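# Report on the structure
Next come the chains, spelled out residue by residue.
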Amino acid sequence: MNHKKDLYVLGIETSCDETAAAIVKNGTDIVTNVVASQIESHKRFGGVVPEIASRHHVEQMTIVLEEAFSQAGMSFDDIDAIAVTEGPGLVGALLIGVNAAKALSFARNIPLVGVHHIAGHIYANRLVQEIRFPALALVVSGGHTELVYMKEHGSFEVIGETLDDAAGEAYDKVARTMGLPYPGGPHIDKLAHQGEANVPLPRAWLEEGSYNFSFSGLKSAVINTLHNASQKGETISPEDLSASFQESVIDVLVTKTERAAKAYGVKQVLLAGGVAANKGLRTALEETFSAYPDIELLIPPLSLCTDNAAMIAAAGTVAFEKGIRGKYDMNGQPGLELTSF
Ligand code: KG4
Ligand code: ZN
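All values reported here derive from a predicted model rather than from experimental measurement. The residue numbering used here restarts from 1 in each chain and proceeds along that chain's sequence as written. Whichever chain is written first becomes A and whichever ligand is written first becomes 1, with later ones labelled in order. Per-residue local features of the predicted model are confined to residues with pLDDT of at least 70, and side-chain atom pairs are confined, for both listing and counting, to 80 or more; whole-chain, interface and lining totals are unaffected and use all residues. The side-chain numbers reported here are obtained from all heavy atoms of the structure, hydrogens and water having been left aside.

### Quick word on the packing of aromatic side chains
To be explicit about the condition: Stacked, edge-to-face and tilted labels apply to pairs of Phe, Tyr and Trp rings (six-membered ring for Trp) whose centres lie within 6.5 Å, assigned for plane angles under 30 degrees, over 60, and everything in between, in that order. Helix and strand assignments follow DSSP, with helices taken as H or I runs no shorter than four residues and strands as E runs no shorter than two, numbered in order from the N terminus. Only protein chains enter the calculation, and the probe is 1.4 Å; a residue is then buried if its accessible area is under 20% of its type maximum, exposed if over 50%, and partly exposed in between.
In this structure the tally under the stated criterion is nine aromatic pairs. Judged by centre distance (4.8 Å) and plane angle (40°), the ring pair of Tyr149 and Tyr264 falls under tilted. With Tyr149 in strand S7 (residues 145-150) and Tyr264 in the loop between helix H8 (238-263) and strand S9 (268-272), this pair connects stretches of sequence that are 115 residues apart. Judged by its relative accessible area of 28%, Tyr264 is partly exposed.

### Overview of the domain arrangement of the protein chain
Rules: Domain delimitation in this document rests on an assignment produced automatically or drawn from a domain database. Summed over both partners, the accessible area (1.4 Å probe) lost when two parts come together is defined as the buried area. Criterion for a salt bridge: a side-chain nitrogen of Lys or Arg within 4 Å of a carboxyl oxygen of Asp or Glu. We define a polar contact as two N or O atoms separated by no more than 3.5 Å, with the added condition that, inside protein, one atom must be a possible hydrogen donor and the other a possible acceptor, whereas residues neighbouring each other in sequence contribute only through side-chain atom pairs.
When cut into domains, the protein chain gives domain 1 (8-125 + 304-322) and domain 2 (131-299). For domain 1 versus domain 2, the distance between C-alpha centres works out to 27 Å. Counting the surface domain 1 buries against domain 2, the share from its top three residues, Ile122, Asn125 and Cys305, is 36%. The interface formed by domain 1 and domain 2 includes zero salt bridges. Inspection of the region where domain 1 meets domain 2 yields five residue pairs in polar contact (both at pLDDT 80 or more). Only helix H1 (39-43) and helix H4 (117-123) provide two or more residues apiece to the side of domain 1 that touches domain 2. Looking at which element gives the most residues to the side of domain 1 that touches domain 2, the answer is H4, with five residues.

### Points about helix H6 (residues 185-192)
Under the convention used in this document: Arc definition: it is the arc formed by the directions from the helix axis to the C-beta atoms. What makes two residues a contact is simply this: any of their non-hydrogen atoms within 4.5 Å.
Among all positions in H6, only Gly185, Ile188, Asp189, Leu191 and Ala192 are buried. Projected down its long axis, H6 carries its buried residues within an arc of 170°, all on one side. Seen from the open side of H6, the exposed residues pointing more than 90 degrees away from its buried face are Pro186 and Lys190. Buried residues in H6 make contact with helix H5 (167-177), H8 and helix H9 (279-289).

### Some points on the UniProt feature "binding site: substrate" (unreviewed entry) in the protein chain
Operational definition: UniProt positions are given in the numbering used here, feature names are shortened, and annotations may be inferred rather than shown by experiment.
UniProt annotation of "binding site: substrate" (unreviewed entry) refers to Val139, Val140, Ser141, Gly142, Gly143, Asp172, Gly185, Asp189 and Asn278 when read in the numbering used here. For Ser141, the location among the structural elements is in the loop between strand S6 (135-140) and S7. Apart from the residues lying within four places of it in its own chain, the contact partners of Ser141 are Ala166, Ala167, Gly168, Glu169, Gly273, Gly274 and Val275. Residue placement: Asn278 occurs in the loop between S9 and H9.

### Focus: the coordination of the zinc ion (ligand 2)
Ideal coordination angles are 109.5 degrees for a metal with four donors arranged tetrahedrally and 90 or 180 degrees for a metal with six donors arranged octahedrally. Stated precisely, the cut-off is as follows: Think of the donor list as every N, O and S atom within 2.8 Å of the metal, or within 3.2 Å for Na, K and Ca; water never makes the list, so a site can look incomplete. Under the classification used here, a metal with four donors is tetrahedral if each angle lies between 85 and 135 degrees, square planar if opposite donors are over 155 degrees apart and the others between 65 and 115, a six-donor metal meeting that same test is octahedral, and anything else is irregular.
Around the zinc ion (ligand 2), the protein contributes the donor atoms His117 (NE2), His121 (NE2) and Asp307 (OD), which lie 2.0 to 2.1 Å from the metal centre. For the zinc ion (ligand 2), the four donor atoms are set out with angles of 94 to 141° between them, so the coordination reads as irregular. Taking relative accessible area as the criterion, His121 reaches 1% and is therefore assigned buried.

Here it is, written out as structure tokens:
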């Protein structure tokens, strides 16, 4: 009989504006997943203010950790490893999580594992269903837009990325110009479903065969359209503008994902990152991949698409099993590259 002991990993995430702690069993089962969002504090500034984010993380870190252990009915004695987001993100925000993880690791003599935030977003999928390789992940968040090919666990090859704005960033900037609250993505998504995509906007396909993205031209086109209309005393329906912008973003994301999935012969397509919450994107991907019976599309629930610590624990479990260990000189790394482990 196989008496393999269950592996419990504590995840900690503080790279942007959520303070999060979670416990995950065997890299696949969420025991508890606690997230304290700061969105309300940043809203009035129209974006995340790094100083405020750091202060919130300091205030929330211990509370969130205590909540995670109390919900789980577990203690540090039950934890096999501590996985923490090492980067990328806001340096002052990352440091709070990294220092909490290092202190706990040192005090309780629990192994430490540094995790790349995007590896975390991708591994959110494994909390829903086992990943089958080769797989292709479409990572779309406030800071990232990437197509990542994975030939096995812990192997990441970035085959395409944005050359300028991330998809979520474009959503948030367009929303701000339209006078919508931060973060703008969900607001545009909602308006888009009430309008017609009748405003002509560009799609950046880039050079033939490229899996890269570019959203700054589209963002500028929306801003110019709004300014030109207001100079002429005309109004543009926010619903139609949202629908047109959203269609342009989704068209490029879905077309490139479909092309890459075919070219790389993947068994699964994994959606990851905050923009994965977008209803239009989910529907378009579902429709596209329903035509490919050999390609399975995984889309995590909304709570696992936006920043959380369960995804960090899930990715950290794989790294831990591969023997990766963080040292006590670990630092927050704002520009950390996604590398295989
Ligand atoms: O992954 P995430 O929580 O944080 C980062 O790591 O960046 O993603 C946040 C981003 C924001 O830009 C937000 O506007 C966007 O995800 N977002 C959406 C939707 N919900 C969140 N974008 C489009 N449609 C949505 N429904
Ligand atoms: Zn994120």
